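So the chains spell out like this:
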Amino acid sequence: MMKKMSIPTSKTSLVLFLCQIISALDVPLDLSQPPTITQQSPKDYIVDPRENIVIQCEAKGKPPPSFSWTRNGTHFDIDKDAQVTMKPNSGTLVINIMNGGKAEAYEGVYQCTARNERGAAISNNIVIRPSRSPLWTKEKLEPNHVREGDSLVLHCRPPVGLPPPIIFWMDNAFQRLPQSERVSQGLNGDLYFSNVQPEDTREDYICYARFNHTQTIQQKQPISVKVFSTKPVTERQPVLLTPTGSTSTKVELRGNVLLLECIAAGLPTPAIRWIKEGGELPANRTFFENFKKTLKIIDVSEADSGNYKCIARNTLGSVHHVISVTVKAAPYWITAPRNLVLSPGEDGTLICRANGNPKPSISWLANGVPIAIAPEDPSRRVDGDTIIFSHVQERSSAVYQCNASNEYGYLLANAFVNVLAEPPRILTPANKLYQVIADSPALLDCAYFGSPKPEIEWFKGVKGSILRGNEYVFHDNGTLEIPVAQKNSAGTYTCVARNELGKIQNEVQLEIKDPTMIIKQPEYKVIQRYGQVSFECIIKHDSTLLPTVTWLKDNDELPDDERFLVGKDNLTILNVTDKDDGTYTCIVNTTLDSVSASAVLTVVARPNPPFDLELTGQLERSIDLSWIPGDENNSPITSFVIEYEDALHEPGVWRYQTEVPGTQTTVQLKLSPYVNYSFRVIAVNRIGRSQPSEPSEQYLTKSASPDENPANVQGIGSEPDNLVITWEPLKGFQSNGPGLQYKVSWRQKDVDDEWTSVIVANVSKYIVSGTPTFVPYEVKVQALNDLGYAPEPSEVIGHSGEDLPMVAPGNVQVHVINSTLAKVHWDPVPLKTVRGHLQGYKVYYWKVQSLSRRSRRHVEKKILTFRGNKTFGMLPGLEPYSSYKLNVRVVNGKGEGPASPDKVFKTPEGVPGSPSFLKITNPTLDSLTLEWGSPTHPNGVLTSYTLKFQPINNTHELGPLVEIRIPANESSLILKNLNYSTRYKFYFNAQTSVGAGSQITEEAVTIMDEGKEDWKKEIVNGSRSFFVLKGLTPGTAYKVRVGAEGLSGFRSSEDVFETGPAMASRQVDIATQGWFIGLMCAVALLILILLIVCFIRRNKGGKYPVKEKEDAHADPEIQPMKEDDGTFGEYSDAEDHKPLKKGSRTPSDRTVKKEDSDDSLVDYGEGVNGQFNEDGSFIGQYSGKKEKEPAEGNESSEAPSPVNAMNSFV
């Protein structure tokens, strides 16, 4: 059966390879071999005296070895000691202490020997010592009385135990004593105080010693410390408490941890710094502990020897100490001897090389006996650290021991020489399956054994050639390495082992898999607290491998929290908190490889509030505030805002004081007198502001006279005989003390008067009565309280109340610039008559009448204001050819003065406005009638009108322009000799002597020649309000008549419209179809026959009653009836081929009177259909009475179209 093996990574493969090198030297256990020690107790074996002692010694060999022991260099006969037994098939000793034995009786040096017929192997010398945890000796401890600032050392002096105890200091409540740069424990267990403070006073300084082997803790008697204070406390420069002197030495063994210590006394507490003279402290192996008082270097080597200097420094000076370090070395292996398997007649060597400081000595033993006194072996020769074997025989098998020792220790190694003659055997299972990732190394095993040592060859495939070349690596243990396995490396590989005694082969299988990859890695995220964040981890892997995805936080498992949601390709964290901050790693594992990707999550939030606010440096006008910043929550603090509360004047109200940069934690604040201050601090970062800190303690400043006077002092009169003095009152903390009042002073300016003063309180206004009108005053307001006056205030100029101006501006002149603009001038009034602040002048002007029209209208006065002391102004927006009046008034803060006499001026003529309307009526074949109205704003005397017109063709292009000058007294014009069925565009304007005004435009169409075109008719259901005319010719003028018949008779209207230009269409024109043309011809023939019949009957009787026609046509619905008696109307010869008369047509101006629109088709209900005669006129007229009746219709301004024409007359 094929066995499967995976090679996950190249590192794992290398480790496996090294293990195979060792295992390849192992002799299969079914072959004869000397003993090999497989397990033994440590050299220095400290045992618990309360438990049984177990001294291990395990070995293997063929035949199985027997065991014996020595104790302190002599044979230990275990059969004579009932407390000692040896485990079956083992050399392990069990010494029974729990049944009465004493561990101290079995102290000593033990050594185990494992022996069989091929040799003897020995263990290390195992030193057995029971652990000890003795009690403290009784001693009388005197209280320590220490002056504040002095140094102090509390000695522990623990009892000597085995192994040495762990020391720590606690109090009576079993709480560890706090340590700092000032107070710390030394390596010897003593407690050092660089300087004592009053808080160090206590009676329970207790040193504890913990003995781990016995799980016991010993307690020293409590030590009392009493600190007494002296003022002032004297500062001291540093002095070393340990080590003493300026130099010392230290010896450490290679591979151990080097610990160097410097503890100094001084006030202020000294800081410690370490350097290595002539070199640098080793990177990555150097650590500082105990507040930098201890220098720790791990895994020291001879290169770490040298002088190490510690420097203790404070503000008063420094002290240093140099420690000379020497690194010695117990023996360590360079080349340890290895088991040697030889076939008879072969040569070999055992090599034993070690180093140390000092250099170790090398000695050899054979089967546990010094080689010098061991039995002779002619194939063996000793050459220092090497034993050389030549032409060995089976009797040469033995176990050799190499001992390397110096004053710091020893090394002992067993190595056997086993002489065997064995054909090759392959130890790797047959058909073993190896799976590796593409582009990774592949290691195919071929573990073998044989004596002589077999040669190994590799083949690919069943009949493949031997593998050679740089793409393969062949290891001594038989392993084939493919450094970079590709897809084509997969297949069957055959290993062949042969020596002079035989040959054997084995096959293994190699499969190559696609590597696992993270194609979308998690990315760095910054998220605010309580938000949601998601990390992606999308993978690609070999289809035959089953990946598992694991998420870690800070290289540990995810918290057991339902907020963490692990999906197929992502990790989502809900309601993110501060503790979620860290590195998140996505690890993808298969049986062959592992990949990972990490991303950092930074949780940001508003900072935590500052704390521990402290007020120091209290002065009358300043104080120092310090604080400790709260956690910035991963977003640097940019500033601190300081606010204050005045509990005396505004309790509970916090106001802004100042703001300092985020790197500052102390600030000096300016204070005002007579304020009970409390302060709080708010931290600000990019996310927002923190909650306010807890308030500081209160600080009440002393009272003082005011520092400042009220601001914004003004003197403004509200009446002609008063002066109102106002000011902004001081705020509570500006009063500087109790009893805040104001001294208000005033005097008339430029008059030799004394100051008049009053003292007021709780107001911000004072009214001085009985003053002259609008005179200047000097005003000042001074603050005072129970402790005195504020500094002398500055004076401001105010004025008593204003009154209306007394006089009007004189010499008003008007200069007309053009027909719409004039300039007015005036003389300023004397300032004394203004009786107030001169604000400017107002010009009132209004139009009296238009010179072109004598009718008056409502006078609308206009006002223009000119600020300041101006004496002229422009009057825009005047109407031409008009008469105006104006006057001017001066304005002050009280109001307007009297008006100047009215000044009359006239504006000249201007160009006229556009005519009020242009209407085109009575269109005929070759003429149009134009009517117009004069301009609403003639702006002068009209001299004439100008008419321009031009035709418009079907494509809306303009023809030649014709211009006509018309006298000003005309209001209509008939244009003749026009083209029929043609649209014209008209331009019309008026003129004065100044020039032409703006024009209006209009369009109209002459009617088409009715003699050349027959009328067409369509019968429309009376319920409809529109009808679509089809088959019209593009760009052609048409006349439309719509008639209606009802109980009241007939109504009709007509209009003229023009179709638009022709447009391309894909639809089939029905008029071009043959069947339609034939149908139309038949209808035309039928109509012609009816016309002939009608013509004959008319010639017989002139007029005939419509009753006869009804008999001929049989459809009563289409017969018109008279309005009065219900009889049918009559036809008239005079009306053939003529348009309807007397109101039956729409007026040519295209307007319909609204009051005539009541008789529409809608009023007659459904089923009443009008009918056209053959010539296009309505059947029947309003016969009988030939009265003029207006045609029906609704007013419409729309351009004519078939639909609109129908809608207009329904």
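Residues numbered from 1 in each chain as written. Predicted model: local features only at pLDDT ≥ 70, side-chain atom pairs only at ≥ 80, totals over all residues. Heavy atoms only, no water.

Can you break down the overall build of the protein chain residue by residue, with the values?
When you go through the protein chain residue by residue, the secondary structure sums to five helices and 88 strands. Every one of the 1210 residues in the protein chain was classed for burial, and the buried ones make up 43%. Considering only contacts in the protein chain between residues 6 or more positions apart, those separated by 24 or more positions represent 67%. Carbon together with sulfur atoms contributes 51% to the accessible area of the protein chain, which is approximately 64,100 Å² in total. (Helix = DSSP H or I, 4+ residues; strand = E, 2+ residues; numbered from the N terminus. Buried < 20%, exposed > 50% of the residue type's maximum accessible area, 1.4 Å probe, protein only. Contact = heavy atoms within 4.5 Å. Areas by Shrake-Rupley, 256 points an atom, 1.4 Å probe, with all protein chains shown as cover.)

Quick rundown of the state of the cysteines? Include the residues and the values.
Counted by the stated rule, this structure contains six disulfides. Here C57 pairs with C112 through a disulfide, and the sulfurs are 2.0 Å apart. A torsion of -70° about the S-S bond marks the disulfide between C57 and C112 as left-handed. Of this pair, C57 sits in strand β5 (residues 57-62) while C112 is found in strand β10 (residues 108-116), placing the two residues 55 residues apart along the sequence. When its relative accessible area of 0% is taken as the criterion, C57 is described as buried. (Disulfide = S-S within 2.5 Å.)

Go over the packing of aromatic side chains with me, naming the residues and quoting the values.
In total, this model carries 21 aromatic pairs according to the counting rule given. With a centroid separation of 5.4 Å and an interplanar angle of 5°, the aromatic rings of Y677 and F679 are classed as stacked. On the basis of relative accessible area, Y677 is assigned to the buried category, the value being 3%. Among the aromatic residues, those joined into a cluster by ring pairs are F168, F174 and Y208. The aromatic ring of Y410 is capped on one face by K43, whose charged end is 4.1 Å from the ring centroid. Lying over the aromatic face of W846, K861 brings its terminal NZ or CZ to 4.4 Å of the ring centre. (Phe/Tyr/Trp six-rings, centres within 6.5 Å; stacked < 30°, edge-to-face > 60°. Lys NZ or Arg CZ within 6 Å of the ring centre and 35° of its normal.)

Outline the side chain of K513, supporting the account with residue identities and numerical values.
Mapping K513 onto the fold places it in strand β47 (residues 502-513). Judged by relative accessible area, K513 falls into the buried class, the value being 10%. At 3.4 Å, the side chain of K513 and the side chain of E511 are in polar contact. Here the side chain of K513 touches T544 through a polar contact of 2.9 Å, side chain to side chain. (Polar contact = N/O pair within 3.5 Å; in protein donor to acceptor, adjacent residues only side chain to side chain.)

Go over the nonpolar core, please, and point to the residues and values.
Note on soluble globular proteins: their nonpolar side chains tend to be buried together. Ranked by size, the top nonpolar core spans 29 residues in total, and within it I53, I55, W69, I95, Y110 and I128 carry the most contacts. Mapped onto this core, the elements with two or more residues apiece are β3 (44-47), β4 (53-55), β5, β6 (66-71), β9 (93-95), β10 and β12 (126-130). Tallying contributions element by element places β10 first for this core, with three residues. Setting aside residues no more than four positions away along its own chain, W69 makes contact with I55, Q56, C57, T74, H75, F76, M86, G91, L93, Y110, Q111 and C112. (Core = buried A, V, L, I, M, F, W, Y, C linked by side-chain atoms within 4.5 Å.)

Honestly, that's just the spatial picture; any functional story needs more than this.
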